[in-house]
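Listed below, chain by chain, are the residues.
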Amino acid sequence: MDLTSSLESLIPALEASLRQTASLDELDEIQVAFLGRKGSLARLMGCLPELPAAERPAFGRIANTVKERLTALVEERRRHLVEEREQSYLARFDPSLPGRAPWQGTLHPITLVMEEICDVFQAMGFEVASGPEVETDFYNFEALNFPPDHPARDMQDTLFVAEGVVLRTHTSPIQIRAMLERARPPVAVIAPGKVYRRDSDLTHTPMFHQIEGLLVDTRVTFAELRGTLTMFARQVFGSDVAVRFRPSFFPFTEPSVEVDISCILCAGEGQNADGSACRVCKGTGWLEILGAGMVDPNVFSAVGYDPESCSGFAFGLGVERVAMLKYGITDLRMFFENDLRFLTQFA
Ligand code: PHE
């Protein structure tokens, strides 16, 4: 066979090979065998110098035509194989299957309520402050005017870490720290955080969350305390909620009050439409949600503020209690069991 026929015979040879090529990998190999730098075409073209000079241009033209044809054949086969692969993927893909959404966590209901309450007070100008959960007796009790024999200072009620070191029983120590840091009024802080008490039953857990607030200035009055808490209650529980104060006692406030809001289930009626007693307020029409009062002069003295020239109010609430009322949750333990069926309802 002369060189030209050998060249032309590459075309049917390639066609025959391609007919048997089932995969793209095989196709790559065949492409190299025919068109590669050491492939059949290149080998034949290497014979060019052996030809008489007059025949070389014609041979070169044929060689180029053959090369174009071979390349086209390979590419055509490649398109076909790619298409086939695509089809086989599609055959295995069921577009009617429901998609798998990535699992997304949600904020814990306690976190949500804490954030909501903090937002309400921040909008009124209070700053959010924080402090350590392990506190000394000074910040947790002494500066807050607890007498040495107060029951809260007893091992029965408080979790002691060491002599004179406790897990804070309320977030009030943050208020002492805030006053000391600022050195003089005005002070307007809210203190959210975890607190610890030696309590564990249906309605108490050894750790729970509190938000306390403190406003100190030169002429803060009881009326402002009432206005602030009424505003808070209406924002969190609804605009027609009523607020009432009952006399109470805390070592760090004088006078002290318990703050109730009108029951959010029976709207303060104390009973349901059918005359039966409301189960949320137990027929009283009121729900206790806060402790509050005017800052005791002894607390000001403990932080070096002049009790004659400044006054202030403080309040504290349990976040779990607010969350239970807000969402109608009846079992405190649900907050701590981390059952996803419960938690994902607050997304
Ligand atoms: N610290 C009190 C408690 O833990 C709550 C409170 C704060 C009461 C501020 C009055 C004023 O129960």
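For the structure, check the block above.
Residues numbered from 1 in each chain as written. Predicted model: local features only at pLDDT ≥ 70, side-chain atom pairs only at ≥ 80, totals over all residues. Heavy atoms only, no water.

Chemist: Would you take a moment to explain the sheet that holds strand β3 (residues 160-162) for this structure?
Modeler: Note on sheets: strands pair through backbone hydrogen bonds, and any given pair is parallel or antiparallel. The strand order β2-β4-β3 describes an open sheet built from 3 strands, whose pairing is antiparallel. A single partner strand is all that each edge strand has here, and the edge strands are β2 (134-136) and β3. Adjacent strand axes in the sheet meet at a mean angle of 35 degrees, parallel and antiparallel pairs treated alike. Examined bridge by bridge, β2 and strand β4 (residues 165-167) share 3 bridges and lie antiparallel to one another. Bridge pairing in β4 places Thr-136 opposite Val-165. (Pairing = 2+ DSSP bridges. Helix = DSSP H or I, 4+ residues; strand = E, 2+ residues; numbered from the N terminus. Axes fitted to C-alpha atoms, helices over the stretch in contact; angles between N-to-C directions.)

Chemist: Quick question: what am I supposed to make of the site of the ligand here?
Modeler: Looking at the ligand, there are 13 residues lining it, with His-170, Ser-172, Arg-197, Gln-210 and Glu-212 nearest. Between a nitrogen atom of the ligand and a side-chain N or O atom of His-170, the distance comes to 3.1 Å. A distance of 2.8 Å is found between an oxygen atom of the ligand and a side-chain nitrogen or oxygen belonging to Gln-210. A total of 320 Å² of accessible area belongs to the ligand in isolation, and the protein chains cover 90% of it. Counting residues per element, the ones that place at least two in the shell around the ligand are β6 (207-217), β9 (286-295) and β10 (311-318). Among the elements that make up the shell around the ligand, the one with the highest residue count is β10 (3 residues). In terms of residue class, the shell around the ligand is made up of 5 nonpolar, 6 polar and 2 charged. (Near = heavy atom within 4 Å. Polar contact = N/O pair within 3.5 Å; in protein donor to acceptor, adjacent residues only side chain to side chain. Areas by Shrake-Rupley, 256 points an atom, 1.4 Å probe, with all protein chains shown as cover. Nonpolar A, V, L, I, M, F, W, Y, C, P; charged D, E, K, R; others polar.)

Chemist: Looking at this structure, how should I read unusual backbone geometry?
Modeler: Glycine aside, a negative phi is what most residues show, and trans is what most peptide bonds show. Note that the residue after Pro-185, namely Pro-186, is joined by a cis bond; omega there is 5 degrees. Structurally, the position occupied by Pro-186 is in the loop between α7 (172-182) and β5 (187-196). That bond from Glu-254 to Pro-255 is cis: its omega, -5 degrees, falls within 30 degrees of zero. Its identity is not glycine, yet Lys-282 carries a phi of approximately 55 degrees, on the positive side. Looking at where Lys-282 falls in the secondary structure, it is placed in the loop between β8 (253-262) and β9.

Chemist: How should the sheet that holds β10 be read in this particular structure?
Modeler: Taken together, 7 strands build an open sheet; the order of strands is β1-β5-β6-β10-β9-β8-β7 and the sheet is mixed. Each having just a single partner strand, β1 (127-128) and β7 (243-250) make up the two edges of the open sheet. The pairing of β5 with β6 spans 10 bridges and is classified as antiparallel. Across the sheet, Ile-190 pairs through a bridge with Gly-213, a residue of β6. With respect to the sheet, helix α10 (residues 319-327) is in contact with β6, β9 and β10, its orientation differing from that of β10 by roughly 60 degrees. (Contact = heavy atoms within 4.5 Å.)

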